Amino acid sequence: IAFWCFYSFIAMLNRRALREECGERKKQEPILAVTVTGVLAVIYVIFCSIQVGCLFLGRVKGSLPDGYTYASYAREGFFQLLWVCIINLAIVLTCLSLFGESRVLKGLLALISMCTCILAASSAYRMILYISVYKLTFLRILVLWALGVIGLMLAGIFLRIFHPAFPLLRYQTAVVTVCYLFLAFAKPDYWIASYNCSLTAEFEENEDGWRYSEDYHYLSSLSADAAPVLLSEEGITGFSEELEGYCRRMEDKANSCGIRSFNLSRYLAGKALENREGNG
């Protein structure tokens, strides 16, 4: 189906079914957009002032507002930010494409985008509080990654507001592609295991701080990227049944690597198993 659609598109271009020249569409007066975005900007400024005053300045010690848990605080903030960013992106692009040039409109759109950056920083701070208590998981890394992508997209929107010729679509496509490749090759499981194992001693002193059975269960579900950390001397000091099962699973995967099915992470996991067995 994809091949047929691509062929049909090329055939249509060959017949010149599309007009080579398109008349410039007349843009609307910016007064309507200024009125709507002005009201939104006031709301955003008030909300961001509360965020800066209560969350960043009033919570420098990392505590939470009364009646909130780390889980509810982090999740609520992230999903709220996600919807706000989608709405802001739609508002900015709509105003830039449908309405004429206006310095006031550009200033309001820039203010809305700046407030969105503050919301992104607020959401990142909430997630960092969450990670400091409940450690790292892949989903939490994915949240931080998404916030970074949103920040880079907002930078492109800033450029598009003040430089109309800036290729925003190409920029955003490049940002998503590069960031996705970075996440794919960054070995998230390796960093999860490294961070969680580094906090073992801290939680060992606190009987209510962490239940090791849950920690072992999650660590044993990680991929082969985590093997160099989990199987090293600096990794988990004591082994549970879950981690013993992880060793058996990594051994099977390392033994199944052939010429056509070679995988670098599984090969390194096999080497880490050999070194652990060699050290007794």
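What you are looking at is a predicted structure, and each value in this text was computed from that prediction instead of being measured.

Calculation notes
Residues numbered from 1 in each chain as written. Predicted model: local features only at pLDDT ≥ 70, side-chain atom pairs only at ≥ 80, totals over all residues. Heavy atoms only, no water. Helix = DSSP H or I, 4+ residues; strand = E, 2+ residues; numbered from the N terminus. Buried < 20%, exposed > 50% of the residue type's maximum accessible area, 1.4 Å probe, protein only. Contact = heavy atoms within 4.5 Å. Areas by Shrake-Rupley, 256 points an atom, 1.4 Å probe, with all protein chains shown as cover. Axes fitted to C-alpha atoms, helices over the stretch in contact; angles between N-to-C directions. Parallel < 35°, antiparallel > 145°, perpendicular 65-115°, else oblique. Left-handed = near helix turned anticlockwise from the far one by under 90°. Nonpolar A, V, L, I, M, F, W, Y, C, P; charged D, E, K, R; others polar. Core = buried A, V, L, I, M, F, W, Y, C linked by side-chain atoms within 4.5 Å. Phe/Tyr/Trp six-rings, centres within 6.5 Å; stacked < 30°, edge-to-face > 60°. pLDDT = per-residue confidence, 0-100.

## A closer look at the overall build of the protein chain
Item 1. A count of helical and extended segments in the protein chain gives 12 helices and 0 strands.
Item 2. The order of α-helices and β-strands along the protein chain, N terminus first, is α-α-α-α-α-α-α-α-α-α-α-α.
Item 3. Within the protein chain, buried positions represent 35% of all 280 residues.
Item 4. In the protein chain, the share of contacts with a sequence separation of at least 24, taken over all contacts with a separation of at least 6, comes to 74%.
Item 5. Per element, the accessible surface of the protein chain, about 18,100 Å² overall, is 63% carbon and sulfur.

## Considerations on the packing of helix α4 (residues 103-134) against helix α5 (residues 138-162)
Item 1. Remark: α4 packs on α5, axes separated minimally by 10 Å, with the N-to-C direction vectors making an angle of 165 degrees. With respect to their mutual orientation, α4 and α5 come out roughly antiparallel. For the crossing formed where α4 meets α5, the hand is left-handed.
Item 2. Residues of the contact of α4 with α5, tallied by class, amount to 18 nonpolar, 3 polar and 2 charged.

## Re the nonpolar core
Item 1. Membership of the largest hydrophobic core comes to 52 residues, with the highest contact counts inside it found for C95, L105, L109 and L230.
Item 2. Top element by residues in this core is α4. It accounts for 10 residues.
Item 3. Setting aside residues no more than four positions away along its own chain, L105 makes contact with P30, A33, V34, T37, C95, F99 and G100.

## Points about the packing of aromatic side chains
Item 1. Taken as a whole and assessed by the stated rule, the structure comprises 3 aromatic pairs.
Item 2. Seen in terms of ring centroids, F262 and Y267 are 5.7 Å apart; in terms of plane orientation they differ by 50 degrees. Their pairing is tilted.
Item 3. According to the relative accessible area criterion, F262 is partly exposed, its value standing at 49%.
Item 4. Take Y267: its relative accessible area is 40%, and that puts it in the partly exposed class.

## Looking at the packing of α5 against helix α6 (residues 168-185)
Item 1. One can describe the packing of α5 onto α6 by two numbers: an axis separation of 10 Å at closest approach and a directional angle of 160 degrees. By the angle class used here, α5 and α6 are roughly antiparallel. Considering the relative orientation of α5 and α6, their crossing is right-handed. Residues I141, L142, W145, V149, L152, M153, A155, G156, I157 and R160 of α5 pack against L168, Y171, Q172, V175, V176, C179, Y180 and L183 of α6.
Item 2. Across the contact of α5 with α6, the residue classes break down as 15 nonpolar, 2 polar and 1 charged.

## Topic: the confidence of the model for the protein chain
Item 1. In the predicted model, the protein chain carries a mean pLDDT of 76, and 75% of its residues have values of at least 70.
Item 2. The secondary structure element of the protein chain with the lowest average pLDDT is helix α8 (residues 200-204), at 50, and the one with the highest is α6, at 91.
Item 3. Note that pLDDT drops below 50 for residues 201-211; the model gives that stretch 11 contacts with residues more than four away or on any other chain.

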